[in-house]
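Take a look at the letters that make up each chain.
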Amino acid sequence: MILLTLTQIFLASVANPKKMAAFRLLPIGKIIQFVFIFVTFISLLSFIHFSAGFKQDSSSITGLSEYIDGMQWILYPLAFIIQFIMSTLLVFVRISILAFAGMMILKLYRRRGEYRHVWRTTAVAYTIPTILSILLLYIGLSDSWITLVTTICCLVYLGLALTYYPKK
């Protein structure tokens, strides 16, 4: 398979379930690189959301506001690092759990595949739910609703891609 750029993977993951199924054959390093780019994107947007919200919340307490103004040089980089680590952990756990659900879908469809292949397809299928979760976050939807909507969305995309796996 020819080397794909991350942009090509992104574009195919948005509109082409057949290519998402074919991505199961990509090296795991390329898929993990793709996931880390998305985690970085999520972390940056979430950090912007955090810093904007933190300034609004802290302005009501004058002492805390003055303390934070003096500590911004250490608070924000530390917050971004923690945000990145937590986002990475959360995304990889979600992909792993959804890949397990994908294995069940694969059995229902009577298709052949291994967990490692379904994991790669799930990582790519998680693209649209990730973008959707960011949009829903800025709309103001609660975290539990965002999780539910993105899980269902990912399972639908994954189900579409798994129909292109080879039959038993």
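A brief report on the enclosed structure follows. (Residues numbered from 1 in each chain as written. Predicted model: local features only at pLDDT ≥ 70, side-chain atom pairs only at ≥ 80, totals over all residues. Heavy atoms only, no water.)

## Quick look at the environment of Tyr115
Next up, step 1: Within the fold, Tyr115 resides in helix α5 (residues 115–125).
Next up, step 2: A relative accessible area of 36% means that Tyr115 is categorised as partly exposed.
Next up, step 3: Through-space distance from the C-alpha of Tyr115 to that of Arg24 is 10.0 Å; in sequence the pair is 91 residues apart.
Next up, step 4: Once residues within four sequence positions are removed from consideration, Tyr115 is found in contact with Ser96, Ala99, Phe100 and Met103. (Helix = DSSP H or I, 4+ residues; strand = E, 2+ residues; numbered from the N terminus. Buried < 20%, exposed > 50% of the residue type's maximum accessible area, 1.4 Å probe, protein only. Contact = heavy atoms within 4.5 Å.)

## Description of the packing of aromatic side chains
Next up, step 1: Under the definition given, this model contains 6 aromatic pairs.
Next up, step 2: Ring centres of Phe34 and Phe38 lie 5.4 Å apart, and the angle between their planes is 50°; this geometry places the pair in the tilted category. Highlighted residues: Phe34 and Phe38, both in helix α3 (residues 28–58), separated by 4 residues, approximately one helical turn. Of the two residues, Phe34 and Phe38, neither departs from the other in class, the shared state being buried.
Next up, step 3: Their ring planes at 50° and their centres at 5.6 Å tell us that Phe36 and Phe92 sit as a pair that is tilted. Placement of the pair is Phe36 in helix α3 and Phe92 in helix α4 (residues 62–108), with a sequence separation of 56 residues.
Next up, step 4: Looking at Phe36, the relative accessible area reads 32%, which means it is partly exposed.
Next up, step 5: Among the aromatic residues, those joined into a ring-pair cluster are Phe10, Phe34, Phe38 and Phe41.
Next up, step 6: The ring of Tyr165 carries the charged tip of Arg24 above its face, separated from the ring centre by 4.5 Å. (Phe/Tyr/Trp six-rings, centres within 6.5 Å; stacked < 30°, edge-to-face > 60°. Lys NZ or Arg CZ within 6 Å of the ring centre and 35° of its normal.)

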